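For reference, the chains in residue letters:
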Amino acid sequence: MIREQVAVFREARPEPPLWWVRFEVSVPPAAGRFMLADLAGPVRIPLFAAAIDPTGFAIMAPPGHPATHLLPGARVAMLGPLGKGFRIENQQRLLVITEAGRLPPLLPLLTSTATTTLVVEAATRARLPSLHRIPPTVELHTITHDGSAGHTGTLEQLLDADSPVRESLRWADCACFSCEPARYPALARSVRRARMHPSADFAQALIEVTMPCGAGACEVCRIQTRSGERRACSDGPVFDLLELDTDG
Ligand code: FES
């Protein structure tokens, strides 16, 4: 049964280029799970936590997101937590790999007790995110396509080359990805080349797509996997990355 909650909007403040928006709620979503919020639009909007605490959660939203226009104390109807999140329990060495603009839903992973390496990819130095929310204990590797910061190239190129990024993949007990879904098949093949026989759930990938109902009913969020068609909202939105390589 889907849980209905009333969240209380507490604050929205700019953290360029995004906004930090905090809600209080009885049961916040874990990393990779989501809330469906009724923000007075035509459909509910999925919210992924960028920070979680016992009294609520915060998201990082682009300017103009309806959550940034709420008044302090506003009550927001939400469904959730929904979906299947990241499964990192008992992992000692965690690798987190993300495109710069898709970092916020992975931020809660960086506060786990695991020894963590973070790889962030952007087109240029100017597109890299602010790093002030990354704990100092996290080892950071940046990749830029033009070489203006960190390693030069694309994520796929660095994973397939003799590089510290590929070494991180070999070192990790678990790798969590947040990228454009169309890249996942190629990334799955890179993981197979680096690890030979990766176990199920060694590599986990967040798929962010439109999810209007969150209950597996509307079929808007269908995706193809090696095991057939799945729904991002109820079968994911975190999937075994290797399952997303339908050609492999
Ligand atoms: S959002 Fe409706 S089936 Fe997934």
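Residues numbered from 1 in each chain as written. Predicted model: local features only at pLDDT ≥ 70, side-chain atom pairs only at ≥ 80, totals over all residues. Heavy atoms only, no water.

*Asks:* Got a minute to help me understand the nonpolar core in this structure?
*Replies:* Across soluble globular proteins, nonpolar side chains have a tendency to be buried as a group. Residues Phe86, Leu109, Leu155, Phe177, Tyr184 and Leu241 are the most contacted members of the largest nonpolar core, which totals 61 residues. For this core, the leading source of residues is helix H3 (residues 184–195), giving five residues. Looking at this core, you find at least three residues from each of domain 1 (4–82) and domain 2 (93–244). Apart from the residues lying within four places of it in its own chain, the contact partners of Phe86 are Ala31, Gly32, Leu106, Leu109, Cys176, Phe177, Gln204, Leu206 and Val238. Core analysis: the second largest hydrophobic core is formed by 16 residues, Val21, Met35, Ile59 and Val76 among them. (Core = buried A, V, L, I, M, F, W, Y, C linked by side-chain atoms within 4.5 Å. Buried < 20%, exposed > 50% of the residue type's maximum accessible area, 1.4 Å probe, protein only. Helix = DSSP H or I, 4+ residues; strand = E, 2+ residues; numbered from the N terminus. Domains from an automatic or database assignment. Contact = heavy atoms within 4.5 Å.)

*Asks:* Mind showing me how you'd approach the sheet that holds strand E6 (residues 56–61) here?
*Replies:* Across a sheet, paired strands are connected by hydrogen bonds in the backbone, their directions being either parallel or antiparallel. Here we have seven strands laid out as an open sheet, ordered E4-E3-E7-E1-E2-E6-E5, and antiparallel in their pairing. Strand pairing shows two members of the sheet lacking a second neighbour, strand E4 (45–48) and strand E5 (51–53), which therefore form its edges. Strand-to-strand twist in this sheet, taken as the mean axis angle between neighbours without regard to direction, amounts to 35 degrees. Where strand E1 (residues 4–15) lies against strand E2 (residues 18–24), seven bridges are found, and the strand directions are antiparallel. Counted as the bridge partner of Val8 is Glu24 from E2. (Pairing = 2+ DSSP bridges. Axes fitted to C-alpha atoms, helices over the stretch in contact; angles between N-to-C directions.)

*Asks:* It is not clear to me how H3 should be interpreted in this structure. Could you clarify?
*Replies:* For an α-helix the count is 3.6 residues per turn, leaving residues at separations of three or four pointing the same way. Its twelve residues place the ends of H3 16 Å apart at the C-alpha level, agreeing with the 16 Å of an ideal helix rising 1.5 Å per residue. Among all positions of H3, only Tyr184, Pro185, Leu187, Ala188, Ser190, Val191 and Ala194 are buried. Looking at the buried positions of H3, the neighbouring elements they touch are helix H1 (155–160), helix H2 (164–171), strand E12 (174–178) and strand E13 (203–206). Downstream of H3 by a residue or two, Met196 has a phi angle that is positive, lying close to 65 degrees. (Expected span 1.5 Å × (residues − 1).)

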